[in-house]
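# Report on the structure
These are the residues of each chain, in order.
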Amino acid sequence: MVTTACSSGTMGGMNSTDAKVQTLQERAEQNLDNRTGNPAEAGRRAVEDLSATQEELGDSAEEAAENIGKKAKAGLEEAKEETEDFLQGSARQAEDVADTVTSKANRDLKKSKRALEDTVDAAENKAKKDLKTTKRALEDAEDAID
């Protein structure tokens, strides 16, 4: 009986490497069934099967290693991009906070300046009023003396 595995992906839930191993095992069993009874011929076929098996498994291992390397590189690139995005976002937030603090400080400074100016104006007006009242009182006193 001859059976072959599907080489284009999975076979019954197996991954491609397992499928290749299954195919190679089945091929070796088939070759054993087809032996001519000649020990030399059987040995030659066994060596050929072993070489073919080693080459195919080597290719599979190399493909797996390349795929792992590609996935790791893609993961690192994605992490790098996410870190850069985070840092840029953090820098923008820091700038926004600095702008907000500066704006509030400027508004508070203007309010304080206005309040101080209003206090000075009120003190000047009171002093002028008190001066006028004192001047009138002096004039009234002077008129009373005359």
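Now for a description of the structure that goes with this document.

Procedures and definitions
Residues numbered from 1 in each chain as written. Predicted model: local features only at pLDDT ≥ 70, side-chain atom pairs only at ≥ 80, totals over all residues. Heavy atoms only, no water. Helix = DSSP H or I, 4+ residues; strand = E, 2+ residues; numbered from the N terminus. Areas by Shrake-Rupley, 256 points an atom, 1.4 Å probe, with all protein chains shown as cover. Patch = residues over 30% accessible without salt bridge, like charges linked within 9 Å, V, L, I, M, F, W, Y side chains within 5 Å. Salt bridge = Lys/Arg side-chain N within 4 Å of Asp/Glu carboxyl O. Lys, Arg positive; Asp, Glu negative; His and termini not counted. Charge placed at Lys NZ, Arg CZ, Asp CG, Glu CD. Buried < 20%, exposed > 50% of the residue type's maximum accessible area, 1.4 Å probe, protein only.

### What about the overall build of the protein?
If you tally the helices and strands in the protein, you get two helices and zero strands. Looking at the protein as shown, the accessible area adds up to about 12,100 Å², and 55% of this sits on carbon and sulfur atoms.

### Points about a positive patch on the surface
Positive charge collects at one region of the surface, where Arg107, Lys110, Lys111 and Arg114 lie side by side. Overall, lysine 111 belongs to the exposed group, its relative accessible area being 56%.

### Considerations on the pattern of salt bridges
Counted under the stated rule, the structure contains two salt bridges. When the shortest N-O distance is used, the salt bridge between aspartate 108 and lysine 104 registers 3.0 Å. Taken together, the residues aspartate 108 and lysine 104, both in helix α2 (residues 39–145) and four residues apart, mark about one turn of the helix. Lysine 104 sits in the partly exposed class, given a relative accessible area of 44%. A salt bridge links aspartate 130 to lysine 126; its shortest N-O distance comes to 3.3 Å. Of this pair, aspartate 130 and lysine 126 are both found in helix α2, four residues apart, which corresponds to roughly one turn of the helix. Judged by its relative accessible area of 35%, aspartate 130 is partly exposed.

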